[in-house]
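Structural features, examined
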Amino acid sequence: LLADILVSLSPDIIARIKPGGKLLISGFMDKPSGPISAYFDWNPVTSSARSADEVAEHFTSHLKLLEKIERKGWVAMAFQK
């Protein structure tokens with residue numbers, strides 16, 4: 001999952017969460033370096049690198065961050081509206 005996609009879709013995602021609803025996003029790297037496509041043998045799209053904190057900033061303007069889990073450079077975050 002590309003972090004840039006989460007960021008670009010964050011307003012639409014947030015708008016679809018009911019009050020009290022929760023959101024779980026996962027499967028992106030915490031601090032990728034260079035284009036995301038460099039991590040794969042295929043190149044369907046090119047994306048600039050964003051950290052998990054940058055992704056969280058786009059959601060915490062309207063949601064509360066409940067938990068952030070990082071394992072081996074990969075991140076999952078839980079939010080609540």
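Structure: above.
Quick summary incoming for the structure in this document. (Residues numbered from 1 in each chain as written. Predicted model: local features only at pLDDT ≥ 70, side-chain atom pairs only at ≥ 80, totals over all residues. Heavy atoms only, no water.)

Topic: the overall build of the protein chain
To keep it simple, the criterion reads: Under the DSSP-based scheme used, a helix requires at least four consecutive residues in state H or I and a strand at least two consecutive residues in state E, with every element numbered from the N terminus. Burial classes: relative accessible area under 20% of the type maximum marks a residue as buried, over 50% as exposed, and values in between as partly exposed (1.4 Å probe, protein chains only). Only heavy atoms matter for contacts: two residues are in contact if any of them lie within 4.5 Å across the pair.
Along its length, the protein chain carries 2 helices and 3 strands. In sequence order, the secondary structure elements of the protein chain are arranged as α-β-α-β-β. Across the 81 residues in the protein chain, those meeting the buried criterion constitute 30%. Counted over contacts in the protein chain with a minimum sequence separation of 6, partners at least 24 positions apart contribute 57%.

Brief notes about the side chain of Ser 10
Cut-off, in case you're wondering: Side-chain atoms alone can form a polar contact between residues adjacent in sequence; in general such a contact is a pair of N or O atoms within 3.5 Å, and within protein one must be able to donate a hydrogen while the other accepts it.
Examined against the element boundaries, Ser 10 turns out to sit in helix 1 (residues 3-15). Separated by 2.9 Å, the side chain of Ser 10 and the backbone oxygen of Val 7 make a polar contact. Setting aside chain neighbours within four positions, we find Ser 10 in contact with His 58 and Phe 59.

A word on helix 2 (residues 52-60)
Keep this limit in mind: What the arc describes is the spread of directions from the helix axis to the C-beta atoms.
Looking at helix 2, one finds that the buried residues are Ala 52, Val 55, Ala 56 and Phe 59. All buried residues of helix 2 project into a common sector of 100° when viewed along the axis, lining one side. On the buried face of helix 2, the contacting elements are helix 1, strand 1 (22-29), strand 2 (64-71) and strand 3 (74-80).

Let's talk about helix 1
Quick note on the threshold: Under the convention used throughout, the expected extent of a helix is 1.5 Å for every residue step, that is, one less than its residue count. Throughout, bend refers to the angle between the axes fitted to the seven residues that end at a position and the seven residues that start at it.
Its 13 residues place the ends of helix 1 19 Å apart at the C-alpha level, agreeing with the 18 Å of an ideal helix rising 1.5 Å per residue. When the local axis directions of helix 1 are compared, the greatest deviation, roughly 55°, occurs at Leu 9, which is followed within four positions by the proline Pro 11. For helix 1, the complete set of buried residues consists of Ala 3, Leu 6, Val 7, Ser 10 and Ile 14. Next to the buried residues of helix 1 lie strand 1 and helix 2.

Focus: the environment of Thr 60
For Thr 60, the position within the fold is in helix 2. Judged by relative accessible area, Thr 60 falls into the partly exposed class, the value being 38%. Sequence separation between Thr 60 and Lys 81 is 21 residues; the distance between their C-alpha atoms is 9.3 Å. When sequence neighbours within four positions are dropped, the list of residues in contact with Thr 60 reads Leu 65 and Phe 79.

Focus: the pairing of strand 2
It is a general feature of regular strands that their side chains alternate between the two faces of the sheet. Filter applied, for reference: Only when DSSP finds a minimum of two bridges between them are two strands counted as paired.
In this structure, strand 2 lies alongside strand 3, joined through 7 bridges in antiparallel fashion. Counted as the bridge partner of Arg 71 is Trp 74 from strand 3. Between strand 2 and strand 3, which follow one another and run antiparallel, lie 2 residues, and Lys 72 among them has a positive phi close to 50°.

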